[in-house]
Amino acid sequence: MKNKLNALLIVQVLLILILLWLLTYFGRDEFNNAKLAKDTSSISQPLLKSVNGVNFITLSSEIQSNSGIKTVPVQSSIYKKNLTNYASVLNIDLLIEQKNRFNEIKNQIGVLANEFDRDKKNYERFKLLNDDNKTVSDKALQEVKVSFENTKIKLLATQELVSGIKQNIRAQWGETILSMIDQGIKKELFEFLLQDKARIVKVTLSENSDNQPPKNISLALIDNPNEKFLANYLAESPTLDKSVKGKTFFYIVYSNKLRIDSKVIATLIHDNLSFESERYLAIPKEAVVWNSGQAWVYIKTGENKFLRKVIETDNESSNGWIVKEEHIKENDLIVINGAQLLLSEEFKYQIKNENDD
């Protein structure tokens, strides 16, 4: 009987030990979470400071470690500015018609100008003779005068036609192409166009591109992107492409392989970054937090100091964004883990201050 009682006690002790072990094993996550919450709760201390109106957060090394905050140096990036996705190969048949009509009317003006000079001289001669004792009758003088005035009217009307054609060309093609027709500027280039040895391409540059258009761009057919065509800048286009926002420009391609009215892909020909006046930085997507429609990052400006800065998100990369080197510099320490925590605590403390007020 005594042996059975001892055995029962041993079994009970073993069960208690097993239960204690199970409680410790399954309760360890809750214990660790409670410990971590206790550690991170210290972030809610008054750690938001302001100097000259600029807010920043100060965190001790221990809090940074417990909160998992990590930083990396900001790296430079070679940024290739993008043009609009598409450009259009223009049909210049109407321009050729306008050019032919323009030359035809100019020839008419030349003929009429000669007739005007002849009739004017005749009128002046007849008038002198009429004034000299009526050597020429008044009737004859009147006939010469009518002929002279009719020629003058025809000349002025024809000159107005030329002005109208010039205005149409200027409105559709711009001053540069008008000067090619009117003044013979870049005559060889225009001959290439007339002989179907070149193409005019209308390219729209995006609104966030540089004010000055690039001198050269590369074009490729949509159905054959591997075949490239070099295009040289010609002039600014006076008309816009309603389907794309931005400024439009004319470029010349010395090839007839591009089909008229086709859409082509336009890309910029880049120089090496070291020759550019602007430098660019790569911002990892892990570093970016969003608030009020803006993207922010935290920069570690001291051993325990973090400053929030806004970034532009116009230029997205495969792993984040590309920004100009301005208020963020190369090798600045950017927070890639814990930025959301810093943002939450910063605004949480600001709300507390507002409630205190």
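Residues numbered from 1 in each chain as written. Predicted model: local features only at pLDDT ≥ 70, side-chain atom pairs only at ≥ 80, totals over all residues. Heavy atoms only, no water.

Remarks on the overall build of the protein chain
At step 1: For the protein chain, the helix and strand inventory stands at 8 helices and 17 strands.
At step 2: Within the span of the protein chain, comprising 357 residues, buried residues form 34% of the whole.
At step 3: Sequence separation of at least 24 residues holds for 72% of the intrachain contacts in the protein chain that already meet a minimum separation of 6.
At step 4: Here the protein chain has roughly 22,800 Å² of accessible surface; of this, 52% comes from carbon and sulfur atoms. (Helix = DSSP H or I, 4+ residues; strand = E, 2+ residues; numbered from the N terminus. Buried < 20%, exposed > 50% of the residue type's maximum accessible area, 1.4 Å probe, protein only. Contact = heavy atoms within 4.5 Å. Areas by Shrake-Rupley, 256 points an atom, 1.4 Å probe, with all protein chains shown as cover.)

Observations concerning the sheet that holds strand S11 (residues 280-284)
Where strands meet in a sheet, backbone hydrogen bonds hold them as pairs that are either parallel or antiparallel.
At step 1: As summarised here, the arrangement of the 4 strands in space is S4-S11-S16-S15, forming an open sheet in which the pairing is antiparallel. One side of each edge strand has no neighbouring strand; the edge strands of this open sheet are strand S4 (75-77) and strand S15 (316-317).
At step 2: With 3 bridges connecting them, S4 and S11 associate as antiparallel partners. Counted as the bridge partner of Ser-76 is Leu-281 from S11. (Pairing = 2+ DSSP bridges.)

Concerning the sheet that holds strand S8 (residues 224-236)
At step 1: The strand order around the closed barrel built from 6 strands is S5-S6-S9-S8-S7-S10, with neighbouring strands paired in antiparallel fashion. For this sheet, the mean angle separating the axes of adjacent strands, direction not counted, is 45 degrees. (Axes fitted to C-alpha atoms, helices over the stretch in contact; angles between N-to-C directions.)

Side note on the pairing of strand S14 (residues 305-311)
Each regular strand shows side chains that alternate between the opposite faces of the sheet.
At step 1: Burial of S14 is extensive: 5 of the 7 residues sit out of reach of the surface.
At step 2: Note that strand S2 (residues 54-58) and S14 share 3 bridges and pair antiparallel. Within S14, the position partnered with Ile-57 by the bridge is Phe-306.
At step 3: Sheet topology note: the strand S13 (residues 294-300)/S14 ladder contains 6 bridges and is antiparallel. Looking at S14, one finds that Ile-299 is bridged to Leu-307.
At step 4: Here S13 hands over to S14 after 4 residues, the two strands then running antiparallel side by side.

Regarding the packing of helix H4 (residues 93-131) against helix H6 (residues 175-182)
At step 1: Interhelical geometry of H4 versus H6 gives an angle of 45 degrees and a closest axis separation of 10 Å. Considering the angle they form, H4 stands oblique to H6. As H4 runs across H6, the sense of the crossing is right-handed. On H6, the residues that touch Leu-95, Lys-99, Phe-102 and Lys-106 of H4 are Ile-177, Ile-181 and Asp-182. (Parallel < 35°, antiparallel > 145°, perpendicular 65-115°, else oblique. Left-handed = near helix turned anticlockwise from the far one by under 90°.)

Topic: the confidence of the model for the protein chain
At step 1: Averaged over every residue, the pLDDT of the protein chain is 81; the share at 70 or more is 81%.
At step 2: When pLDDT is averaged over each helix and strand of the protein chain, the minimum, 52, is found for helix H2 (residues 28-40) and the maximum, 94, for strand S17 (residues 333-337).
At step 3: Contacts from residues 38-44, a stretch scored under 50 in pLDDT, to residues over four places away or in other chains number 13 contacts.
At step 4: Within the model, the stretch residues 271-276 combines pLDDT values under 50 with 5 contacts to residues more than four positions away or in other chains. (pLDDT = per-residue confidence, 0-100.)

Some remarks on the nonpolar core
A general tendency of soluble globular proteins is for nonpolar side chains to be buried together.
At step 1: Core analysis: the biggest nonpolar cluster contains 32 residues, and Leu-95, Trp-173, Ile-177 and Ile-200 have the highest contact counts within it.
At step 2: Contact partners of Ile-177, with chain neighbours within four places excluded, come to Leu-95, Ile-200, Leu-234 and Phe-250.
At step 3: The next biggest cluster of nonpolar side chains, apart from the first, holds 16 residues, and it includes Leu-219, Ala-231, Val-253 and Val-264. (Core = buried A, V, L, I, M, F, W, Y, C linked by side-chain atoms within 4.5 Å.)

A short note on the environment of Leu-48
At step 1: Counting through the fold element by element, Leu-48 comes out in strand S1 (residues 48-51).
At step 2: Residue Leu-48 is classed as buried on the basis of its relative accessible area, which comes to 14%.
At step 3: It is 8.6 Å that separates the C-alpha atoms of Leu-48 and Glu-345, two residues lying 297 residues apart in sequence.

Quick word on the pattern of salt bridges
At step 1: Counted according to the given criterion, the structure contains 10 salt bridges.
At step 2: One salt bridge in this structure joins Arg-279 and Glu-330, with 2.5 Å as the shortest N-O distance. Here the residue Arg-279 occupies a position in the loop between strand S10 (263-268) and S11, and Glu-330 occupies one in the loop between strand S16 (320-324) and S17, the gap between them amounting to 51 residues.
At step 3: When salt bridges that share partners are traced, they join Lys-106, Lys-166 and Asp-182 into one network. (Salt bridge = Lys/Arg side-chain N within 4 Å of Asp/Glu carboxyl O.)

Looking at the packing of H4 against helix H5 (residues 138-173)
Axes are the key here: two packed helices are described by the angle between their axes and the distance separating the axes.
At step 1: Close contact between H4 and H5 brings their axes to 8 Å; oriented N to C, the two are set at 160 degrees. Here H4 lies roughly antiparallel to H5, going by the angle between them. Between H4 and H5 lies a crossing of left-handed hand.
At step 2: Here the contact of H4 with H5 is built from residues that sort into 20 nonpolar, 10 polar and 11 charged. (Nonpolar A, V, L, I, M, F, W, Y, C, P; charged D, E, K, R; others polar.)

Concerning H6
In an α-helix, one turn spans 3.6 residues; hence positions three or four apart end up facing the same way.
At step 1: All of the buried residues along H6 are Ile-177, Leu-178, Ser-179, Met-180 and Ile-181.
At step 2: Against the buried residues of H6 lie H4, H5, helix H7 (187-194), strand S6 (199-205), S8 and strand S9 (247-253).

Regarding the side chain of Arg-199
At step 1: Along the chain, Arg-199 falls in strand S6.
At step 2: At 2.5 Å, the side chain of Arg-199 and the side chain of Asp-196 are in polar contact.
At step 3: Of note is the side chain of Arg-199, whose polar atom sits 3.1 Å from the backbone oxygen of Asn-256.
At step 4: Discounting residues that sit within four places of it in the chain, Arg-199 has contacts with Val-89, Leu-193, Tyr-251, Ile-252, Val-253, Ser-255, Asn-256, Leu-258 and Ile-260. (Polar contact = N/O pair within 3.5 Å; in protein donor to acceptor, adjacent residues only side chain to side chain.)

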